[in-house]
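Close look at the chain arrangement
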Amino acid sequence: MEATVIGTGYVGLVVGTCLAGAGNRVTCADVDETKIRRLNAGDVPIYEPGIERLISENLAAGRLRFTTDAAEGIRTADVIFVAVGTPPGEDGLADLDYVRNAARVIGDNLRPDTVVVMKSTVPVGTCERVRAEIARRTDVPFHMCANPEFLKEGDAVGDFLYPDRVVCGVDSEHARQCMEGLYEPFIRSGNPLIFMDIASAELTKYAANAMLAARIGLMNQFAELCEHTGADIERVRRGVGSDPRIGSAFLYAGTGYGGSCLPKDVWAIIRSAEKQGVDLGILRSVAEANDRQTTVLVRKIVRRFGDDLTGLRFALWGLAFKPRTDDMRAAPSRAIAEALRERGAAVVAHDPAAMEQAREFYLGDAVEYAANEYEALDGADALVVVTEWLQYRRPDWSEVAKRMPRPIVFDGRNVFDPDRMASRGYEHYPIGRRQVGPDEIP
Ligand SMILES: NC(=O)c1ccc[n+]([C@@H]2O[C@H](COP(=O)([O-])OP(=O)(O)OC[C@H]3O[C@@H](n4cnc5c(N)ncnc54)[C@H](O)[C@@H]3O)[C@@H](O)[C@H]2O)c1
């Protein structure tokens, strides 16, 4: 099949490359000239494990190409994926400007019987608006499909190649057959391709993210209760997660959820429900609690050092919103670094993948960047673990002690065991677990 993907970001690049890997001829289009120039030069602009090799294989096989000219790809496509960003607008509603622009270029260049697939996360009703926008610009018949994406950054390639399920909202038998054909190579192990109407498919994506956010939010609140009662959130997590009705995923207490999806999608569904006169009160509490949670470590730091942090130096391990990605959109590290700086502290950060993004787009020179995690500790008054990258989980403690003679660790991802930290002589402030304060250190 011939496919064109509009928007070559975290989602579009993975979708386009994986579809090419299954033998389709794929055009990935983006308005960002730098991005396309880099991709054509074999330089992948995002950090996503496995994507680089897949891109080079498919480029070499002539099945994949990158262009700024979406129109050219649209004119010959059997299927067009819209994978542009839907960032939060000021009111929290999804900003659909990029989607509208994509609809216009599709409408101006469409050939008959193309299937237009919405991959971006969009509020219910958006596909119908896209259909109307396209129909204003062309008389040719076409089909709509809402095919929300569930991939996780860091595991995106695997998630697309081996999906748990694929959700497709379709409006015609032709669209259904097209999607069956496209996804058939990826669901051979029997995971379902679930067909439904377009509105339900659009809402499924938001409902899924709302559920995930609510699980994290609940665990963060239980973690707070643990700190007041002597219970341990990690034990509670294991006890709760072993119930098959509940399951073990997304039950980790920490510094709050971040990234390009959960925060924006939760607020977008709350706001779009409000427009329908529906109050998603449970979800609003989840979102508000998460906003507070992103600075839980700062509150712990202030309790330990006081509100004025002038002259103190904090080492941040982790900037990306989670491991195995360089994505810093709505990353808790940003709120933490800013709050520490506001109180007069110096911040030195390390991240295996996100330092370039941090320096270029988010934190600039407001923080120092260390060449490795140990260098970040030199002269630091405390270590703040923000992202649970694998390499941070079992550090060389003798090296840590050398660099930070009186080690104090604020553990935002519960990567270290409180009892072991106490026996090592470390002050340790995890989330929802035993806090090892200065009076416990000999
Ligand atoms: N990132 C994720 O983990 C993830 C997972 C599931 C769903 N989603 C959803 O997928 C969508 C895309 O997310 P993303 O993370 O890939 O965003 P992104 O910002 O990484 O990529 C979007 C790309 O679209 C391009 N673009 C914007 N307007 C365009 C146009 N008119 N023509 C061509 N290109 C255009 C931008 O330049 C950018 O490169 C969003 O709706 C998001 O909510 C994201």
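What counts as what
- Residues numbered from 1 in each chain as written.
- Predicted model: local features only at pLDDT ≥ 70, side-chain atom pairs only at ≥ 80, totals over all residues.
- Heavy atoms only, no water.
- Helix = DSSP H or I, 4+ residues; strand = E, 2+ residues; numbered from the N terminus.
- Rg over C-alpha atoms; globule rule 2.2 N^0.38 Å.
- Buried < 20%, exposed > 50% of the residue type's maximum accessible area, 1.4 Å probe, protein only.
- Contact = heavy atoms within 4.5 Å.
- Lys, Arg positive; Asp, Glu negative; His and termini not counted.
- Charge placed at Lys NZ, Arg CZ, Asp CG, Glu CD.
- Pairing = 2+ DSSP bridges.
- Patch = residues over 30% accessible without salt bridge, like charges linked within 9 Å, V, L, I, M, F, W, Y side chains within 5 Å.
- Areas by Shrake-Rupley, 256 points an atom, 1.4 Å probe, with all protein chains shown as cover.
- Salt bridge = Lys/Arg side-chain N within 4 Å of Asp/Glu carboxyl O.
- Core = buried A, V, L, I, M, F, W, Y, C linked by side-chain atoms within 4.5 Å.
- Domains from an automatic or database assignment.
- Axes fitted to C-alpha atoms, helices over the stretch in contact; angles between N-to-C directions.
- Buried area = accessible area lost by both parts, 1.4 Å probe.
- Polar contact = N/O pair within 3.5 Å; in protein donor to acceptor, adjacent residues only side chain to side chain.
- Near = heavy atom within 4 Å.
- Nonpolar A, V, L, I, M, F, W, Y, C, P; charged D, E, K, R; others polar.

1. Observations regarding the overall build of the protein
Helices and strands together make up the secondary structure of the protein, namely 18 helices and 14 strands. Computed over its C-alpha atoms, the radius of gyration of the protein comes to 24 Å, within 12% of the 22 Å expected for a compact globule of 442 residues. By its C-alpha atoms, the protein is 80 × 50 × 40 Å across when sized along the principal axes. Within the span of the protein, comprising 442 residues, buried residues form 55% of the whole. Sequence separation of at least 24 residues holds for 72% of the intrachain contacts in the protein that already meet a minimum separation of 6. Where the 53 positive side-chain charges of the protein centre and where its 65 negative ones centre are 3 Å apart.

2. Re the pairing of strand S7 (residues 166–170)
Extensive coverage of S7 is indicated by the burial of five of its five residues. Of the strand pairs in this sheet, strand S6 (residues 142–146) and S7 are connected by two bridges, and their pairing is antiparallel. Across the sheet, residue alanine 146 finds its bridge partner in S7, namely glycine 169. One ladder, built from four bridges, connects S7 with strand S8 (residues 193–196); its direction is parallel.

3. Section: the sheet that holds strand S12 (residues 382–385)
Taken in spatial order, the six strands make up an open sheet running S11-S10-S9-S12-S13-S14, and their pairing is parallel. Taken across any chain shown, the strands that pair with only one partner, and hence form the sheet edges, are strand S11 (368–369) and strand S14 (427–429). In this structure, strand S9 (residues 313–317) lies alongside strand S10 (residues 346–350), joined through five bridges in parallel fashion. Its bridge partner being in S10, phenylalanine 314 is matched across the sheet by valine 347.

4. Digging into a nonpolar patch on the surface
On the surface, Leu218, Phe222 and Leu225 cluster together into a nonpolar patch covering about 290 Å² of accessible area. For leucine 218, the position within the fold is in helix H9 (residues 198–229).

5. What to know about the nonpolar core
If you look at soluble globular proteins, the nonpolar side chains tend to sit buried side by side. Of all hydrophobic cores here, the largest spans 43 residues; its most connected members are Ile106, Leu110, Val116, Ile134 and Tyr257. It is H9 that provides the largest number of residues to this core, a total of seven residues. When residues of this core are assigned to domains, at least three fall in each of domain 1 (2–196) and domain 2 (206–291). When neighbours within four sequence positions are excluded, tyrosine 257 is seen to be in contact with Ala213, Ile216, Leu262, Pro263, Val266, Val286, Ala287 and Asn290. Of all hydrophobic cores here, the second largest spans 42 residues; its members include Leu13, Val14, Val117 and Cys178.

6. Considering the sheet that holds S7
Strand order in the open sheet made by the eight strands is S3-S2-S1-S4-S5-S6-S7-S8, with mixed pairing throughout. The sheet terminates laterally at strand S3 (64–67) and S8, the two strands that pair on one side only. Taken over all neighbouring pairs, the strand axes of this sheet differ in orientation by 25° on average, direction set aside. Strand contacts of helix H1 (residues 10–21): strand S1 (2–6), strand S2 (25–29), S3 and strand S4 (79–82), with the helix running at about 165° to S2, the strand carrying the most contacts.

7. Concerning the pattern of salt bridges
Across all of its chains, the model carries 37 salt bridges by this definition. For glutamate 427, the salt bridge is made with arginine 304, and the minimal N-O distance between the two is 2.5 Å. Of this pair, glutamate 427 sits in strand S14 while arginine 304 sits in helix H13 (residues 296–305); the two residues are 123 residues apart in sequence, bridging distant segments of the chain. The buried category is assigned to glutamate 427, whose relative accessible area is 0%. Note that aspartate 419 is salt-bridged to arginine 434, the shortest N-O span being 2.6 Å. Separated by 15 residues along the polypeptide, aspartate 419 in helix H18 (residues 418–424) and arginine 434 in the segment after S14 bring together distant segments of the chain. Relative accessible area serves as the criterion here: at 41%, aspartate 419 is assigned to the partly exposed category. Under the relative-accessibility criterion, arginine 434 is labelled partly exposed at 36%. Each member of the salt-bridge network shares a partner with another, and the members are Arg104, Asp108, Glu133, Arg136 and Arg137.

8. Points about the domain arrangement of the protein
Split by domain assignment, the protein resolves into domain 1 (2–196), domain 2 (206–291) and domain 3 (294–440). Using only C-alpha atoms to locate each centre, domain 1 and domain 2 end up separated by 29 Å. With 13 residues of domain 1 at the contact, the number on the domain 2 side is ten residues. For the pairing of domain 1 and domain 2, the buried interface totals around 830 Å² over both sides, and the portion due to carbon and sulfur atoms is 64%. Its largest share of buried area at the contact with domain 2, domain 1 owes to Gly92, Leu93 and Thr121, together 45% of the area lost on that side. Remark: the boundary between domain 1 and domain 2 carries zero salt bridges. Run the count over domain 1 and domain 2 and you get four residue pairs in polar contact (both at pLDDT 80 or more).

9. What about the site of the ligand?
If you check the shell around the ligand, you find 27 residues, and the closest are Asp30, Lys35, Thr86, Glu153 and Lys264. Between the ligand and serine 260 there is a distance of 3.4 Å, counted from a nitrogen atom to a side-chain nitrogen or oxygen. In the model, an oxygen atom of the ligand is placed 2.6 Å from a nitrogen or oxygen of the lysine 264 side chain. When isolated, the ligand has an accessible area of 840 Å², and the protein chains bury 89% of it. Among the elements of the structure, H1 and helix H5 (97–109) are those that each provide at least two residues to the shell around the ligand. Looking at side-chain class alone, the shell around the ligand contains ten nonpolar, nine polar and eight charged residues. No fewer than three residues from each of domain 1 (2–196) and domain 2 (206–291) sit in the shell around the ligand.

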